[in-house]
Amino acid sequence: GVWGPEFRWREHFRQFPFLKKAYRGEAPGTDAVKIYNASKINLNIHDTFQCNTSVNNRTFQILASGGFELVDDRERLYRLFDVGNDLVTFQNLSEASERVSYYLSHDAEREAIRQRGHFKAAAHSATSRASFMLKQILSPENLVTGVRA
């Protein structure tokens, strides 16, 4: 199925009419988790007007939900993940199609990547990030001595 806000898919629906038949609407949080987890492959296409250089929240949500992620290539992914081991990228729709076919016929490899991605996503949880920031803020080298709060 194809999920998400319809306005983000309109251009793709015009280009590839068969996608419209697979459109299922938007999925709220708990439904999205179930969809990501149950899908063999989660295709994550960034909005170019929103995410030219960054990655979207869906990048983390798919992995945290235990899903296998095929995502359009973004430079920032290489700083956050071991691309090819935690998730898989594609450069264009032709390559995406090739990778979908490949990973649908290589269950064990897809499963191994899914598991590593799920594990890696835990390092990017809100709890992990907050803990990291507090450790940085409270580390002795960052504290100013002689100042009282």
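Our subject is the structure listed above.
This one's a predicted model, so the numbers in the text were calculated from it and none came from an experiment.

## Some thoughts on the layout of surface pockets
Turning to step 1, where the next piece is worked out: By volume, the largest pocket amounts to about 1500 Å³.
Turning to step 2, where the next piece is worked out: In terms of lining, the largest pocket is formed by 47 residues, of which the most central are Val 2, Trp 3, Trp 9, Leu 43 and Ile 45.
Turning to step 3, where the next piece is worked out: If you list the elements that add at least two residues to the lining of the largest pocket, you get β1 (2-3), α1 (6-15), α2 (18-22), α3 (29-38), β3 (42-44), α4 (57-64) and α6 (93-104).
Turning to step 4, where the next piece is worked out: Counting residues per element, the lining of the largest pocket draws most heavily on α1, at eight residues.
Turning to step 5, where the next piece is worked out: Of the residues in the lining of the largest pocket, the class split is 22 nonpolar, 14 polar and 11 charged.

## Regarding the pattern of salt bridges
Turning to step 1, where the next piece is worked out: In this structure the tally under the stated criterion is seven salt bridges.
Turning to step 2, where the next piece is worked out: Lys 20 is paired through a salt bridge with Glu 6; the nearest N and O atoms lie 2.7 Å apart. Pair noted here: Lys 20 is in helix α2 and Glu 6 is in helix α1, with a separation of 14 residues, a long-range link.
Turning to step 3, where the next piece is worked out: Glu 6 sits in the partly exposed class, given a relative accessible area of 30%.
Turning to step 4, where the next piece is worked out: Measuring nitrogen to oxygen at the nearest pair gives 2.9 Å for the salt bridge that ties Arg 110 to Asp 107. One end of the pair, Arg 110, and the other, Asp 107, are both in helix α7 (residues 107-121), three residues apart, so they sit about a helical turn from each other.

## Describing the environment of Ala 96
Turning to step 1, where the next piece is worked out: By the secondary structure assignment, Ala 96 is in helix α6.
Turning to step 2, where the next piece is worked out: Ala 96 sits in the buried class, given a relative accessible area of 5%.
Turning to step 3, where the next piece is worked out: Note: C-alpha distance between Ala 96 and Val 33 (63 residues apart in sequence) is 22 Å.
Turning to step 4, where the next piece is worked out: If we skip the residues at most four places from it in the chain, Ala 96 touches Leu 70 and Phe 90.

Rules and cut-offs
Residues numbered from 1 in each chain as written. Predicted model: local features only at pLDDT ≥ 70, side-chain atom pairs only at ≥ 80, totals over all residues. Heavy atoms only, no water. 1 Å grid on protein atoms, 1.4 Å probe; cavity = no way out; pocket = protein on both sides within 12 Å on 5 of 7 lines; lining within 4 Å. Points joined across faces, edges and corners; volume = space filled by probe spheres on them. Helix = DSSP H or I, 4+ residues; strand = E, 2+ residues; numbered from the N terminus. Nonpolar A, V, L, I, M, F, W, Y, C, P; charged D, E, K, R; others polar. Salt bridge = Lys/Arg side-chain N within 4 Å of Asp/Glu carboxyl O. Buried < 20%, exposed > 50% of the residue type's maximum accessible area, 1.4 Å probe, protein only. Contact = heavy atoms within 4.5 Å.

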